[in-house]
Amino acid sequence: MAKENEAISMEIDDKKTDQMNPKFSINVLQLLKSAQMQHGLRHGDYTRYRRYCTARLRRLYKSLKFTHGQGKYNKRAITETTVTEVRYLHVLLYTAERAWSHAMEKRQLPNGPVPCQRIYLIGRLRKAVKWASLFAQLCAVKGDSRTSLEAEAYASFMKGTLLFELEQNWETALMSFKSARAVYEQLGKYGDIENQILCRERVQELDPNINYCSIKAGKSNIKTSELADMGQMEGPALDLFKAKLEAVMDEARSQQAASMTEFNWLGHRFPVANAKTRVSILKAQELEKDLHGSAAVPAEKKVVMYDKIFAAYHEARSCIRKDLVNAGDTENVKDDLSGLDKAVSAVLGQRTIERNQLLVSIAKSKFSRNRDDKVEKATKPEGLVRLYDLLIQNASDLSDLVTSRRDSTPEEVAFAEEFELKNQVFRAERCFYLAKSYSLAGKRAEAYVLYSRARSLAESTLQKLKAMSSFDKDIIQDLEVLYNNSRSNICIEHAAGIMEEEKAPEKLTKGVSNISLAEGGNKAEIFLLEKLDVYESLVADPNSKGVPHIEPFPPVFQAVPRNPIVLDIAFNSIEFPSLESRMKKEKKGLISRFWG
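Worth saying up front: this structure is predicted, and the values here are computed from it rather than measured.

Asker: Is there a simple way to think about the confidence of the model for the protein chain in this case?
Answerer: Segments scoring low in pLDDT should not have their predicted coordinates read at a detailed level. Residues at a pLDDT of 70 or more form 80% of the protein chain, whose mean pLDDT is 80. Note that pLDDT drops below 50 for residues 12-19; the model gives that stretch 0 contacts with residues more than four away or on any other chain. Here residues 519-523 is modelled with pLDDT under 50, and outside its nearest four sequence neighbours on either side it reaches 5 contacts, counting other chains as well.

Asker: Can you help me understand the packing of aromatic side chains in this one?
Answerer: Each aromatic ring pair is described using two quantities: the centre-to-centre distance and the angle formed by the ring planes. A full pass over the atoms with the stated rule returns 18 aromatic pairs. Between Tyr-388 and Phe-426 the ring centres are 6.4 Å apart and the planes differ by 40°, which places this aromatic pair in the tilted class. With Tyr-388 in helix α14 (residues 381-402) and Phe-426 in helix α15 (residues 410-440), this pair connects stretches of sequence that are 38 residues apart. Taking the relative accessible area as the measure of exposure, Phe-426 reaches 5% and is therefore buried. Aromatic side chains Phe-415 and Phe-419 sit 4.8 Å apart centroid to centroid with 50° between the ring planes, which places their arrangement in the tilted category. Of this pair, Phe-415 and Phe-419 both sit in helix α15, separated by 4 residues, roughly a single helical turn. Of the aromatic side chains, those joined through ring pairs into one cluster are Phe-157, Phe-164, Trp-170, Phe-177 and Tyr-212.

Asker: Could you clarify how one ought to interpret the pairing of strand β1 (residues 262-265) in this entry?
Answerer: Across a regular strand the side chains alternate sides, sitting on one face of the sheet and then on the other. Only one face of β1 is buried, namely the one carrying Phe-263 and Trp-265, since none of Glu-262 and Asn-264 on the opposite face is buried. For β1 and strand β2 (residues 268-271), the ladder comprises 4 bridges, and the chain directions are antiparallel. Looking at the pairing, Trp-265 lines up with His-268 of β2.

Asker: Explain helix α2 (residues 28-38) here, please?
Answerer: For an α-helix, the turn length of 3.6 residues means that residues three or four places apart are oriented alike. Here α2 has its buried residues at Val-28, Leu-29, Leu-32, Lys-33, Ala-35 and Gln-36. Looking straight down α2, one finds that the buried residues subtend no more than 170° of arc, so they occupy a single side. On its buried face, α2 is in contact with α3 (46-64), α4 (86-107), α5 (115-142), α6 (145-166), α7 (170-187) and α8 (193-216). Gly-40, located one to two residues past α2, shows a positive phi value of around 115°.

Asker: Would you take a moment to explain the nonpolar core for this structure?
Answerer: Generally speaking, a soluble globular protein has its nonpolar side chains buried in company with each other. Counting 66 residues, the largest nonpolar core has Phe-263 and Trp-265 as the members making the most contacts within it. Elements with a minimum of two residues in this core: β1, α11 (275-293), α12 (299-325), α13 (331-367), α14, α15, α16 (444-467) and α17 (473-513). Among the elements that line this core, the one with the most residues is α13, at 13 residues. What Phe-263 contacts, discounting residues up to four positions off in sequence, is His-268, Arg-269, Phe-270, Val-272, Ile-281, Gln-285, Leu-340, Ala-343, Val-344 and Val-347. Grouped together as the second largest cluster of nonpolar side chains are 43 residues, Ile-78, Ala-136, Ala-151 and Leu-162 included.

Asker: What should I look at first to understand the pattern of salt bridges in this one?
Answerer: Two side chains that carry opposite charge are able to pair once their charged atoms sit near each other. This model, assessed by the stated rule, comprises 19 salt bridges. A salt bridge links Glu-288 to Arg-351; its shortest N-O distance comes to 2.9 Å. Note that Glu-288 is positioned in helix α11 and Arg-351 in helix α13, a separation of 63 residues in sequence. For the pair Glu-288 and Arg-351, one class covers both residues: buried. Note that Lys-364 is salt-bridged to Glu-429, the shortest N-O span being 3.5 Å. Separated by 65 residues along the polypeptide, Lys-364 in helix α13 and Glu-429 in helix α15 bring together distant segments of the chain. With a relative accessible area of 26%, Lys-364 lands in the partly exposed category. Several salt bridges converge on common partners, so that one network encompasses Lys-33, Arg-202 and Glu-205.

Asker: Would you explain α15 in this entry?
Answerer: For α15, with 31 residues, the first-to-last C-alpha span of 46 Å sits near the 45 Å given by 1.5 Å per residue. Gly-442 sits one or two residues past α15 and shows a positive phi near 85°.

Asker: Can you walk me through the packing of α13 against α15 in this structure?
Answerer: For any two helices packed against each other, one specifies the inter-axial angle together with the distance between the axes. Across the interface, α13 lies against α15 with an axial gap of 13 Å and an inter-helix angle of 25°. Classed by the angle they form, the pair α13 and α15 counts as roughly parallel. The interaxial crossing formed by α13 with α15 has left-handed handedness. The residues of α15 that touch α13, namely those facing Lys-342, Gln-350, Ile-353, Gln-357, Lys-364 and Phe-367, are Glu-412, Phe-415, Phe-419, Phe-426, Glu-429, Tyr-433 and Lys-436. Split by residue class, the contact of α13 with α15 holds 6 nonpolar, 2 polar and 5 charged.

Asker: What exactly am I supposed to notice about the side chain of Glu-412 here?
Answerer: Relative to the assigned elements, Glu-412 resides in helix α15. Side chain to side chain, Glu-412 and His-268 meet in a polar contact 3.0 Å long.

Asker: Can you walk me through a nonpolar patch on the surface in this structure?
Answerer: Residues Ile-565, Leu-567 and Ile-569 make up a contiguous nonpolar surface patch of about 410 Å² in total accessible area. With respect to the helices, strands and loops of the structure, Ile-565 is situated in the loop between α17 and α18 (590-595).

Rules used throughout
- The numbering scheme is per chain: residues are counted from 1 as the chain's sequence reads.
- Under the rules for a predicted model, residues below a pLDDT of 70 receive no local features and side-chain atom pairs below 80 are neither given nor counted, while totals for whole chains, interfaces and linings still include all residues.
- Side-chain calculation: all heavy atoms of the structure are included, whereas hydrogens and water are not.
- On a scale of 0 to 100, pLDDT captures the predictor's confidence in every residue.
- Any two residues whose heavy atoms approach within 4.5 Å at even a single point are treated as in contact.
- To pair, rings of Phe, Tyr and Trp, with the six-membered ring standing in for Trp, must have centres within 6.5 Å; the planes then decide the type, stacked if under 30 degrees apart, edge-to-face if over 60, and tilted in the middle.
- Comment: elements are numbered from the N terminus, with helices defined as DSSP H or I runs of at least four residues and strands as E runs of at least two.
- Only protein chains enter the accessibility calculation, which uses a 1.4 Å probe; a residue is then buried when its area is under 20% of its type maximum, exposed when over 50%, and partly exposed in between.
- Only strands joined by at least two bridges in the DSSP assignment are considered to pair.
- Each direction from the helix axis to a C-beta atom contributes to the arc, which is the arc of those directions.
- Nonpolar cores are built from buried Ala, Val, Leu, Ile, Met, Phe, Trp, Tyr and Cys residues. Side-chain atoms within 4.5 Å join them into one set.
- We count a salt bridge whenever a side-chain nitrogen from Lys or Arg sits within 4 Å of a carboxyl oxygen from Asp or Glu.
- Expected helix span is computed as 1.5 Å times (number of residues minus one).
- Simply put, an axis is a line fit to the C-alpha atoms, just over the touching stretch for a helix, and the angle between two N-to-C directions goes from 0 to 180 degrees.
- Between 65 and 115 degrees an angle is taken as roughly perpendicular, under 35 as roughly parallel, over 145 as roughly antiparallel, and anywhere else as oblique.
- The crossing is said to be left-handed when, going from far helix to near helix, the turn is anticlockwise and less than a right angle, and right-handed when the turn is clockwise.
- Throughout this entry, Asp, Glu, Lys and Arg are counted as charged residues, while Ala, Val, Leu, Ile, Met, Phe, Trp, Tyr, Cys and Pro are counted as nonpolar. The remaining residues, Gly among them, count as polar.
- Each polar contact in these results corresponds to two N or O atoms within 3.5 Å; when the atoms are within protein, one needs to be able to donate a hydrogen and the other to accept it, and residues that are neighboring in sequence are counted only if both atoms are side-chain atoms.
- Each patch is built from residues lacking any salt bridge and having more than 30% relative accessible area; the joining distance is 9 Å for like charges and 5 Å for nonpolar side chains (Val, Leu, Ile, Met, Phe, Trp, Tyr).
- For the area figures, the Shrake-Rupley method with a 1.4 Å probe applies, and any residue is considered shielded solely by the protein chains shown.

Have a look at this one:
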């Protein structure tokens, strides 16, 4: 009996302790991922995310009444006894996130952090590790098993990130990333589908860091090209890895650029003496190989790659122009630098035309899509007209740049002629889509004339292109399709115009017959103010294009009373007295007296 009483008392004590020390639950990864995606990290804006963490901490401190004094700062530590609700754990988590985002903000500076900024960066990462470790310790005591596991994985990730940035203890960093990966891999097998997807994405984000640490620790033989393929992945956890990978690639380019002495363009060989110029040109050429070498790259990623190519060529051109300013009176050096500047500008113009053609292909795919598809907005013909305007301007600028010198080589003349023909192709396409916009607006005559102009441009350009053997066959095929589409649309617009002209008298007769001279016209609508005694909705559906019947606008003219108009008709009946006696008389001379 005594043993039973002891067992019952022990159960009661356990229940009391559970009630006094409840276990908190935090879905750490899901909480952080939603906060990061909603507050800047979707676009890599660490400044915005850091400010969000600061504002979030301020709200948490005020709601918990855990402020650190108004005037003088009084530090208040969060310990095991302090954590009486889950928001105290949120304070630790967002403090670690704030320190980490501040460090990543310094890492994303344009030219990289200078030594003093790097010291500050490492200090913020140490703070992040400190707060993440404290968060993991308190979650082990105050949180449930899943929360404790996620907190341990978060602390391991922060520790690995610090060692990754310090570039030392690669084995310890490798073990930290591996332990975090193992936790997320196990958590990805349980829970709801959203949480499983997040855990698997986190595992994929950690793999490049693990492979890089393995290479540095001498435990892997993965090539740099394979790491570059991993660098195409997206995610906040990969930003530090991408920075390290870019540094490695720059170092490899610098070594490779030492052997690069010339830049070849249209049969010309221009010497490249500046090391920065060589590295920038080499980087752009590598990006071009990646762009044209893999056909499976989506169009949106190709646009991003073109932006990187533009940045590399712009950097090379700025270095060339600085060298040109510092060249002094050396004519040979100036001529070489001017030729190199012209060659790089011409290549940049070519890539700009290729990028705009890619944008045109994306817009055309959306234009030809079914317009009832509400998933993605269809392209209007005006958008394609604007893109072709850009292409025409780009082709004209490139032709002018190549033929700017008097002593142009045959290669340069052929290059300029090729882009003049492309300019005519762009003009024909622009004319076609301009006709489309007029056709959609119901202007049949203008559309008919523009389609005829597009057909004539396409026909004359096709004859020139077929006479050349070295021209791209895809362009010829696209131009033939444009010619056939222009012919068919000419017939359609002609027929539609004749039908509208035949129906015009009928429409006019019908319109005139519906005209009424009665007050208010032929009003079939019933407005809300006319039937306030009936409960009936006269407001249109927000998804429809109907007009809400509340009050007629503009309002109907109504007769209103006015003040009487007084006409002064007595003026005509008044006889005024003569005033001749008061008028001044003129003096007359002797002769005027006799002759009047």
